[in-house]
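Below, each chain spelled out in residue letters.
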Amino acid sequence: MNLKELYQEIILEHGKNPRNLRKTENFNKDAKGNNPLCGDNVHVYLKLNDQRKVEDISFEGSGCAISMASASIMTDLIKGKSDNEAKEIIEDFLGMIKENPELKNNILKEDDKTKLMCLSGVKQYPMRVKCATLSWHTLVSAMENDGKEITTEN
Amino acid sequence: MNINNIRKEFPIFDEKIQNNDLVYLDSANSSQKPKVVLDRINDFYSKQFSNVGRSIHYLAVAATNLYENTRTSVQKYINAKDKNEIVFTKGATEALNLVANTLGQAILEPNDEILITELEHHSNYVPWHFLRKSKNIKIKFAEINEDGDIPIENIEKEITDKTKVIAITHLSNVTGAVLPIKEITQLAHSKGIVVVVDGCQGGPHLKLDMQDLGCDFYAISCHKMYGPTGLGVLYGKKKWLEQLPPYQGGGGMINEVKKDRISYGELPNKYEAGTMATAQVIAFDQSIKFLESIGIDNVIKHEKELIEYGQEILKKNNSVKLIGNPKERGGVLSFTVEGVHPHDIATILDETGVAIRAGHHCCQILHDKLGIPASARASLGVYNTKDDLDKLNEGINNCKKIFDL
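Please read all numbers here as calculations on a predicted model, not as lab measurements. (Residues numbered from 1 in each chain as written. Chains lettered and ligands numbered in written order. Predicted model: local features only at pLDDT ≥ 70, side-chain atom pairs only at ≥ 80, totals over all residues.)

Here we look at the overall build of chain B
Within chain B, the secondary structure is distributed over 15 helices and 17 strands. Over its C-alpha atoms, taken along the principal directions, chain B stretches across nearly 75 × 55 × 35 Å. For chain B, buried positions account for 50% of its 405 residues. Put simply, 72% of the contacts in chain B that link residues at least 6 apart link residues at least 24 apart. (Helix = DSSP H or I, 4+ residues; strand = E, 2+ residues; numbered from the N terminus. Buried ≥ 20, exposed ≤ 12 C-beta atoms within 10 Å, placed from the backbone. Contact = placed C-beta atoms within 7 Å.)

Structure (structure tokens):
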């Protein structure tokens with residue numbers, strides 16, 4: 001266990017000053033997610049244009065440093081990607097948090113991958129994995145636009 | 001009381017938890033267990049085990065007697081009039097569900113009102129919520145004041161001609177407020193209202209005297225009272241338990257079963273369907289003896305000193321905000337730290353062996369009212385010391401350091 005690995009500089013900075021913490025105007029996809037164990041919640045908004053590109057992505061909600069940083073970094077990295085690229089990044093991130101030692105996608109630049117890898121510290125804290133993944137699962141739901149509320153407890 | 005001797009009775013304090021000495025501040029969630037309770041479970045399973053209340057062989061009779069001994073001990077400990085007023089359940093949650101369900105069946109009519117409070121744990125709200133759907137019952141909430149207390153006036157002003165039940169906590173698991181159950185019961189009874197008390201936190205921290213409180217029902221969680229998990233106690237006045245219908249059907253709760261009719265057993269069997277948590281019941285006798293050996297007055301005095309000390313050091317700590325300032329606080333110190341989410345506090349404290357709880361503590365209504373999604377909670381047991389609270393404070397300072405506050 002190492003607190004320094006969990007609370008890296010980037011996490012603390014994004015946790016304090018989350019990017020894209022707002023509501024996208026004219027969003028056309030959204031979903032809510034919540035963690036009933038702790039009361040954390042997130043609402044992800046997405047604007048996909050005609051070319052299936054993420055024109056804007058934002059989120060509202062409250063949570064711990066890990067969940068806020070994760071949503072912040074996620075929205076930063078997904079913005080401007082096509083929906084297929086976004087799906088690949090999401091799958092790669094969730095796979096990394098679950099079991100893979102590193103990210104495999106060729107879409108993100110190296111320094112963006114480094115940012116995402118900062119969240120890998122939660123692997124040592126099983127109770128905190130949900131904090132890091134809630135916004136990502138919610139983004140999946142928003143993209144599929146099935147209106148299904150995501151919960152960490154199923 | 002000698003705190004070092006008391007701590008020695010709890011084997012968990014000999015363990016290293018992730019290489020740290022354990023600072024256990026999560027007793028409102030569940031308390032640690034003294035060795036006598038653990039030994040009793042092992043001894044019963046090893047040397048005396050049988051099911052109770054059915055067979056007539058030696059072990060069955062002996063086990064039944066042990067099981068019933070606990071019922072008598074609980075009766076005496078909470079000063080109930082009759083041992084048949086003590087019903088064992090799988091937890092306080094089941095006890096509260098039993099009361100809500102059977103009162104719902106027997107005495108509640110559509111549009112009747114249940115009065116609960118904004119302090120209630122979900123287990124003293126959700127069972128009543130079921131009756132909203134099934135019986136069109138209304139639920140009203142008595143409001144907290146700015147100190148996190150429920151003054152009796154806030155109860156009184158919510159009572160109407162339709163109020164049939166007041167379901168209320170004895171001690172809030174978030175603000176620590178001790179509610180004036182005796183006065184509330186007197187008020188309720190003067191208007192013919194039934195009083196149901198959630199005694200989950202009252203059990204380990206307060207003197208339990210059913211004759212003094214006067215309430216109709218009182219639910220106890222045994223695992224918060226230095227006892228085993230999977231066990232609760234429902235105290236119910238005999239007139240109610242006799243009058244209300246059974247809750248669950250099965251073996252042990254019947255008198256006669258025919259194809260065209262069934263009659264139910266007498267109290268307390270009527271409410272104890274199926275094989276009960278036998279070993280837990282028998283071991284819970286040791287929990288009561290443990291509490292009696294210290295004396296609840298000494299427990300209260302010790303915890304009061306700790307609460308006062310904890311409030312003092314946390315109030316001095318900048319950026320810590322204590323939740324609630326009740327007139328009488330028992331066992332619980334909930335707080336927030338500006339700039340650090342409660343989950344982050346809990347993870348950072350855990351790194352040094354300090355176990356607290358973070359979240360809404362099954363009280364979302366209260367957290368909504370307070371305008372916070374979550375809080376951190378340090379809760380006490382008889383084994384805690386001022387040193388534990390100092391370590392809590394050090395841990396909070398460590399959080400502030402990590403978050404650069």
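Read on for the rest.
What about the overall build of chain A?
When you go through chain A residue by residue, the secondary structure sums to 6 helices and 4 strands. The C-alpha atoms of chain A give a radius of gyration of 14 Å, which matches the 15 Å a tight globule of 154 residues would have. Classification of the 154 residues of chain A by burial places 44% in the buried group. Intrachain contacts of chain A at a sequence separation of at least 6 include 61% that bridge at least 24 residues. (Rg over C-alpha atoms; globule rule 2.2 N^0.38 Å.)

Focus on the domain arrangement of chain B
All names here are of chain B. For chain B, the assigned domains read domain 1 (3–26 + 295–402) and domain 2 (38–292). Using C-alpha coordinates to define each centre, domain 1 is positioned 28 Å away from domain 2. Domain 1 puts 24 residues into the contact, and the matching count from domain 2 is 25 residues. Looking at the side of domain 1 that touches domain 2, the elements with two or more residues in it are α12 (296–316), β14 (332–337), α14 (364–370) and β17 (375–379). (Domains from an automatic or database assignment.)

Overview of unusual backbone geometry
Working note: non-glycine residues mostly have negative phi, and peptide bonds are mostly trans. All names here are of chain B. The omega angle of the peptide bond from Leu267 to Pro268 is -5 degrees, so this bond is cis rather than trans. Tracing the backbone through its elements, the reader meets Pro268 in the loop between β12 (262–264) and α11 (278–294). For Gln18, which is not glycine, the phi dihedral falls at a positive 50 degrees.

Structural notes on the pairing of strand β3 (residues 54–62) of chain A
All names here are of chain A. Where strand β2 (residues 40–48) and β3 come together, 8 bridges link them in antiparallel fashion. Across the sheet, the residue bridging to Tyr45 is Ser58, located in β3. Linking two consecutive strands that pair antiparallel, namely β2 and β3, is a turn of 5 residues; a positive phi of about 60 degrees is found at Arg52 within it. (Pairing = 2+ DSSP bridges.)

Quick look at the confidence of the model for chain B
Averaged over every residue, the pLDDT of chain B is 97; residues scoring 70 or more account for 100%. Here the predicted complex carries an ipTM of 0.89, next to a pTM of 0.94. (pLDDT = per-residue confidence, 0-100.)

Topic: the sheet that holds β3 of chain A
Residues and elements named next belong to chain A. The 4 strands are arranged β3-β2-β1-β4 in an open sheet whose pairing can be described as mixed. Across the chains shown, the open sheet's two edge strands, defined by having one partner strand only, are β3 and β4 (150–151). Along the sheet, helix α3 (residues 65–78) makes contact with β2 and β3, crossing β3 at roughly 170 degrees. (Axes fitted to C-alpha atoms, helices over the stretch in contact; angles between N-to-C directions.)

Details of the sheet that holds strand β16 (residues 357–359) of chain B
All names here are of chain B. Spatially, the 4 strands line up as an open sheet ordered β13-β14-β17-β16, and their pairing is antiparallel. Each having just a single partner strand, β13 (320–322) and β16 make up the two edges of the open sheet. For this sheet, the mean inter-axis angle between neighbouring strands, taken without regard to orientation, is 30 degrees. Strands in contact with α12 are β13, β14 and β17; relative to β14, the strand with the most contacts, it is inclined by about 10 degrees.

Brief notes about the packing of helix α4 (residues 92–106) of chain B against helix α5 (residues 126–135) of chain B
All names here are of chain B. The geometry of α4 relative to α5 is characterised by a closest axis approach of 9 Å and an angle of 25 degrees between their N-to-C directions. Comparing their axes, α5 and α4 come out roughly parallel. The crossing of α4 and α5 is right-handed. In contact with Leu96, Asn97, Ala100 and Gly104 of α4, α5 contributes Pro127, Trp128, Phe130, Leu131, Ser134 and Lys135. (Parallel < 35°, antiparallel > 145°, perpendicular 65-115°, else oblique. Left-handed = near helix turned anticlockwise from the far one by under 90°.)

Here's the deal with the environment of Val354 of chain B
All names here are of chain B. Relative to the assigned elements, Val354 resides in strand β15 (residues 354–355). Sequence spacing of Val354 and Gly249 is 105 residues, and the spatial spacing of their C-alpha atoms is 44 Å. The residues touching Val354, leaving out its near neighbours within four places in the chain, are Val23, Leu25, Leu349, Lys391, Leu392 and Gly395.

Quick look at the pairing of strand β11 (residues 254–257) of chain B
All names here are of chain B. Sheet topology note: the β11/β12 ladder contains 3 bridges and is antiparallel. Counted as the bridge partner of Ile254 is Tyr264 from β12. Counting the residues in the hairpin turn of β11 and β12 gives 4 residues.

Digging into helix α4 (residues 83–98) of chain A
All names here are of chain A. The terminal C-alpha atoms of α4, which comprises 16 residues, lie 22 Å apart, in line with the 22 Å expected from a rise of 1.5 Å per residue. Taken as a whole, α4 has its buried residues at Ala86, Ile89, Ile90, Asp92, Phe93 and Met96. Each buried residue of α4 lies within a common arc of 165 degrees when the element is viewed along its axis, so the set occupies one face. Seen from the buried face of α4, the exposed residues on the opposite side, beyond 90 degrees, are Asn84 and Lys98. (Expected span 1.5 Å × (residues − 1). Arc of directions from axis to C-beta.)

With respect to the nonpolar core
Residue and element names in this part refer to chain B. Of all hydrophobic cores here, the largest spans 117 residues; its most connected members are Ala219 and Ile345. Residue contributions to this core peak at 8 residues, all from α11. Both of domain 1 (3–26 + 295–402) and domain 2 (38–292) provide at least three residues apiece to this core. In this structure Ala219 touches Ala92, Ala95, Leu96, Val197, Asp198, Gly199, Cys200, Gly232 and Leu234, once residues within four positions along its chain are discounted. (Core = buried A, V, L, I, M, F, W, Y, C linked by C-beta atoms within 7 Å.)

Quick notes on the environment of Ser375 of chain B
All names here are of chain B. Tracing the chain through its elements places Ser375 in strand β17. Taking C-alpha positions, Ser375 is 5.5 Å from Gly359, a pair spaced 16 residues apart along the chain. For Ser375, the residues in contact, after removing those within four places along its chain, are Val174, Ile323, Ser334, Phe335, Thr336, Pro342 and His367.

Considerations on the confidence of the model for chain A
Keep in mind that low pLDDT regions are not for reading the predicted coordinates in detail. Residues of chain A with pLDDT of at least 70 account for 95%, and the chain-wide mean is 91. Of all helices and strands in chain A, the one with the weakest mean pLDDT is β4 of chain A (72), whereas α3 of chain A scores best (96).

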